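Take a look at the letters that make up each chain.
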Amino acid sequence: MPAWTRENLTPPWPKPHLVQLAPPETYDAAHQLQGSDDLCKHKPGGLVARDGGELGRRAGMYGMMHSESEERVPVVKSPLESTNGSGEEDVAEMDWHEKLCSGDTFATVRDIKKASTDYKLLYPKNHAFARYVLPVSESEIKEQDWPGKKKDDKHPPSPSTSASSISSGMASSSEDEKKDKGEEGETKDSKPDKPPLSDEEHSFLDKLLAEMDTVSSFKNNPGQPQGDLKLLDGDALEQLESHLSIDDQDTPDSWIPRSSELLRLTGKHPLNAETNLLRLFEAGLVTPTKLHYVRSHGAVPQLNWETHTLEVYAEPPGLIHRPREWTMDELASGDLRIVEFPVTFGCDGNRRKEVNMIKKSAAFNWSASSISTCLWRGVLVRDVLLTCGLQDQPDEERWYLNFEGADEPSEGPYATSIPLMHAMNPANDVLLVFGMNGRVLHPDHGYPLRLIIPGYVGGRQVKWLKKLWVTKEPNRSHYHIWDNRVVPTFIDSRNHPFAAAFFHHESTACWEQSLQSVIVKPTHDERIPLVDKGCLDRTYTVEGYAFSGGGDRVERVELSLDGGQTWRYCFRHFTDSPLRHGEKYWAWIFWSCEVKLQELVSAYEIIVRAQDGRKNYQPEHISWNLMGMMNNAWYRVRPRILQDEKTFLPVVQFQHPVAPGNDEGGWMIPPVDDDADAKNGNNNLKTFSLDEIAKHNNKNDAWLILDNKVYDVTSFLTEHPGGANAILTYAGKATVDVTNEYKGIHDAYANSLRDKMLIGVLSEEGIQAMKEDAIRAAKELQKVKADRQGLALQPDLFTQAKLVRKKEVSSDTKLYTFEIPRKQDGSPGRLGLPIGRHVQIAVHFKDQAVLRSYTPVRPVLASEDDGTFDLLVKTYLPSADSPFPPGGTVSNYLDCMEEGESQILNSVLRGSDTTSSTFVGEEIDIRGPTGGITYTGHGNFDIEGNEYHFDKINLVAGGSGLTPHWQLIHAILSDETDKTVISLIDSNKSFEDILMREELQKYAEEHAGRFKVWHVVSKPPQDQPDFKCSKGRLTRELMEEHFYPVDENAAAFLCGPPGLIEKAALPGLEEMGFEDGKTVFGF
């Protein structure tokens, strides 16, 4: 290995971070002291926006969210069915990658969907709840060059959401137990000269002896796996999350189900999250997969078991004789011995939030919950290397084993190395893991293959493992050098003159986990009433967890109530079969200690510490370091007496050092941030309104609100270590979330860059509006979720829906039937869609979910809600002659989906272990309800939260804009007591384009006095002499002829293409006397 020099020290960032603001006059023009601070353009964190979250939606065009060109695409054959119009027959043979880059043809969703195998359908055991992802972004399809495309062609952006007990006792005297014989000179039968044990002491001794028996009974755990990896069987929903979060849908991780119980620490993306400490503890000694903490540096790579490989080699090559690539089946089903046992590991930054309370470190807050234990299944790295012909390491040399993941963080590949001999020692159990709690790995935790080094910190446990290689020198990648280090306390910045040397110094690297113990109960903010007689004499069980590194057993856990002067013994509780190789303990323990409530109330602090096999204790105080890592000081919980706000009675409240997640609270007081305004002399900053800030929301013009200050971050988007999307999610948005998340992640260096981008402050009206709206949104979301408990459609979660049937209605229109998950008792799920509202669907592309909203044509009534729903969708097929040759993104995706009965999922949710081979249909994800119009019956409407009543309803529909009108028609005419009357004008290009024509005609005949329908078509059919219609376009005269005239009980509802609504329907209705927003409404 070459000698270290100043020249070969790598910098903390591969490239300099430059900031460049716009000319001053740009901000002068936007400077407003009296501007609009309406939050309608912001909708900070909470409910679905009334418009469903689509960009650029115009009133009355719900469900018509294709690009302008898509809506006018004529139905012609796609390039899959013919040539693209160039006359070259070999175009169809081109790979879609080639088409995408070629200017002579174009790639479509159909090309890519049909060429991209959905392995989840073929091998469901290998995939669990993760969703299929199309390996392309919608923008790549829309922005490709095709023949005849004008270079200044512009297409609308992809629609997307804007945003998203165990007993214990007291240790007793210091005397040793008397032996049978007693003191010298005494006979065996003489009585010991000591007072008898109290009942409490007897109980303690019994428990101590029981603990000793437990430890002495441990036998080596052979690591034998319990059966094959499971499908989505009985405990799947306990272990795994099946829903998708709305927060992920505008990120590359849109396809990953994540539990809402995970507390996100660094914003939406990338995911860094922990669960509440009490929830983690109560889940048990083996952590459910969905509650395991998550640490990510970028997007989760979209990998498949069936195609993923692990490359094993050496540099120089001679160190391994038979380098090779391993498939997942070769690793998991080959000749290698498979083992499975519990391993605990945590982030190096566990308890960093406490460190940040002393002085802000360079990294974000973890509480004491970034620790988890799972059953990990895999093969020994040692066996893989020996199979590949690893040579013996000479005694005088040091070789290293390197690992690299398939993810692509901002600062280069995530790679690290450990001494080769550590992995070659069979007692160290270094594993290539493909199983987690009996199933394949979750995507957040490394699917399909990851590294597990028992006893090591989380930063060395490389996920999504794709490369493993042997070298004669340690890894020098960015994350190996500049992360997972404990540098001396005087290094207070990565820019410190000695920082680079210490970050490269071998002694600063984090390897084995530190000895650690934490109090879980009493929980943070737990309150116990102090009003009952004798309450202080009650026994309270203090509980928590402890672990150590390197396989060391936690030998003792102790509790102090007097500042560490005396300590009480806590009883330990182990996982099943925790012992490996006669001396290794890879999993944590839980501990408990019973004390009187009076003692807790009287204590200044409740302190816990642990002792390892070398009789070392945890340190008493926190030692600050730049990265905030490896904090294992005594854990302290403080009680205090206060008056309950509701009962006005005394309670004892317990406070942990810090509150869970990014919540404020805890007995530790955070340091005061430097005032950037005062420091930079920014006393006369420009003031911007929310309305103005909302305009700056894209990659070419991005403003952020942080701490009520406004920053122009446009020039920094490409420089941001977390990627541009992490910023663009909040660009132009008025939400306090971005401030909370910024503070949790960034250090002094980031603040210095931030201060250069400061351009002004938010108006006082805007500040107040943000505060009020955050409270409103949280309350509204909570109420809606409570009201919709047990229903498939949720405002903040996406639920999977499987395609079970596909029926052709016309040459370009199909009826899709989707099934939603059944309830746990096996009964059908309920969609729960109010009449007139919509379902937002998501299909997953490599950079984010593509979202569209549709109105199901069934179920409409509650009696029709049978666990399935129907979407009637017109497919905008690819056409070389159209303004937008690739065609509609989502409609073509749906058209290419494969159907199948979802009997496997049905049996799973009934708790059966059936593994039927019946084909499982492909899936989409759904959430809702979206839209702002709800029909509540008998002429009553809830429109944007306001109540209306109309007896006469006029409907303007165009194309697939009929579907929300169908819900209204079907609901009214199915209720004989509903006397509302309806008149529908349905506009289409041709007779064949009319959706649900027969159903509408049947209703018009059966309910002639309540419903009438008139069709407007561009080309009337020549072979349908009985078909009554008007030729041409919708006009005011037609509406006057067929609609109910203006009066206080009449209204018009619109849904259709922009040209129909904006150029014909709305102007004509206004001339007739209808008023937009009062008697005219758009779905």
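Residues numbered from 1 in each chain as written. Predicted model: local features only at pLDDT ≥ 70, side-chain atom pairs only at ≥ 80, totals over all residues. Heavy atoms only, no water.

### Notes on helix α7 (residues 199-216)
Quick note on the threshold: Helix numbers and strand numbers start at the N terminus; a helix is a DSSP run of H or I with at least 4 residues, a strand a run of E with at least 2. Between the first and last residue of a helix there are one fewer steps than residues, each counted as 1.5 Å, and that sum is the expected span. Buried, partly exposed and exposed residues are distinguished by accessible area as a fraction of the type maximum, computed with a 1.4 Å probe on protein chains only: under 20%, between the cut-offs, and over 50%, respectively. Read the arc as the range of directions from the helix axis to the C-beta atoms. Two residues form a contact once any of their heavy atoms are found within 4.5 Å.
Between its first and last C-alpha, α7 extends 26 Å over 18 residues, near the 26 Å set by a 1.5 Å rise per residue. Among the residues of α7, Phe204, Lys207, Glu211 and Val215 are the ones counted as buried. Viewed end-on, α7 has its buried residues packed into an arc of 75 degrees, placing them on one side of the element. Opposite the buried face of α7, at more than 90 degrees from it, the exposed residues are Asp199, Asp206, Asp213 and Ser216. Buried residues along α7 sit in contact with β18 (568-573) and β21 (589-596).

### Section: the nonpolar core
Note the cut-off: We define the nonpolar core as a collection of buried residues of types Ala, Val, Leu, Ile, Met, Phe, Trp, Tyr and Cys that are connected through side-chain atoms lying within 4.5 Å of one another.
In this structure, Leu331, Leu385, Leu401, Leu432 and Val470 are the most contacted members of the largest nonpolar core, which totals 63 residues. Looking at which element gives the most residues to this core, the answer is strand β10 (residues 431-436), with five residues.

### Looking at the pairing of strand β23 (residues 635-643)
How we decide: Two strands make a pair as long as DSSP finds a minimum of two bridges between them.
Relative to β23, strand β22 (residues 606-611) runs antiparallel, the two being bridged by three bridges. When the bridges of β23 are listed, Ile607 appears paired with Arg636. Pairing of β23 with strand β24 (residues 650-655) involves six bridges; the strand directions are antiparallel. Paired with Pro639 across the bridge in β24 is Phe654. Counting the residues between successive antiparallel strands, the hairpin from β23 to β24 contains six residues, one of them, Phe648, with a positive phi of roughly 60 degrees.

### Describing the sheet that holds strand β5 (residues 324-327)
Our working definition: Note on geometry: axes are C-alpha line fits, over the in-contact stretch for helices, and angles between N-to-C directions span 0 to 180 degrees.
A sheet is described by the order of its strands in space; here five strands give the open sequence β5-β4-β13-β8-β9, paired in mixed fashion. Edge strands, defined here as strands with exactly one partner in the open sheet, are β5 and β9 (415-419). Ignoring which end each strand starts from, the neighbouring axes of this sheet average 20 degrees apart. Both strand β8 (residues 400-405) and strand β13 (residues 465-471) contribute to a ladder of six bridges, which runs antiparallel.

### Notes on the environment of Asn484
Definition in use: Polar contacts here mean pairs of N or O atoms no more than 3.5 Å apart (in protein, one a potential hydrogen donor and the other a potential acceptor; neighbouring residues in sequence count only if both atoms are side-chain atoms).
Within the secondary structure, Asn484 sits in the loop between α14 (478-482) and α15 (499-504). Judged by relative accessible area, Asn484 falls into the buried class, the value being 5%. With 24 residues separating them in the primary sequence, Asn484 and Thr508 have C-alpha atoms 8.5 Å apart. Of the polar contacts made by the side chain of Asn484, one reaches the side chain of Tyr414; its length is 3.3 Å.

### Considering the environment of Ser987
Inspection of the secondary structure puts Ser987 in strand β40 (residues 981-990). A sequence separation of 44 residues divides Ser987 from Lys1031, and the C-alpha atoms of the two residues are 9.8 Å apart.

### What about the packing of helix α25 (residues 962-973) against helix α26 (residues 997-1006)?
Worth spelling out the cut-off: Relative orientations are named as follows: roughly parallel for angles under 35 degrees, roughly antiparallel for angles over 145 degrees, roughly perpendicular for angles from 65 to 115 degrees, and oblique for any other angle. It is the rotation of the near helix from the far one that decides the hand of a crossing: anticlockwise by less than a right angle makes it left-handed, clockwise makes it right-handed. Just so you know the grouping, Ala, Val, Leu, Ile, Met, Phe, Trp, Tyr, Cys and Pro go in nonpolar, Asp, Glu, Lys and Arg go in charged, and all remaining residues, Gly too, go in polar.
Direction vectors running N to C along α25 and α26 enclose 30 degrees, while the axes themselves pass 12 Å from each other. Between α25 and α26, the crossing angle belongs to the class labelled roughly parallel. Seen from above, α25 lies across α26 with left-handed handedness. Counting all contacts with α25, which are made through Leu962, Trp966, Ile969, His970 and Leu973, the residues of α26 involved are Glu999, Leu1000 and Tyr1003. For the contact of α25 with α26, the per-class residue count stands at six nonpolar, one polar and one charged.

### Some words on the confidence of the model for the protein chain
We count it as follows: Along the chain, pLDDT gives the predictor's confidence residue by residue, from 0 to 100.
For the protein chain, mean pLDDT is 86; residues scoring 70 or higher make up 86% of the total. Confidence drops under pLDDT 50 across residues 675-681; counting only partners more than four residues distant or on other chains, this segment forms ten contacts.

### Re the pattern of salt bridges
How we decide: Definition used for salt bridges: Asp or Glu carboxyl oxygen within 4 Å of a side-chain nitrogen of Lys or Arg.
Summed over the entire model, instances satisfying the criterion amount to 56 salt bridges. Of the charged contacts, one joins Lys783 and Asp787 as a salt bridge, the two residues approaching to 2.9 Å between their closest N and O atoms. Linking Lys783 with Asp787, this pair stays in helix α22 (residues 764-787), spanning four residues, or about one helical turn. Judged on exposure class, the residue Lys783 and its partner Asp787 are both exposed. Each of the salt bridges in this network shares a partner with another, and the network as a whole consists of Lys120, Arg131, Lys802, Glu923 and Asp925.

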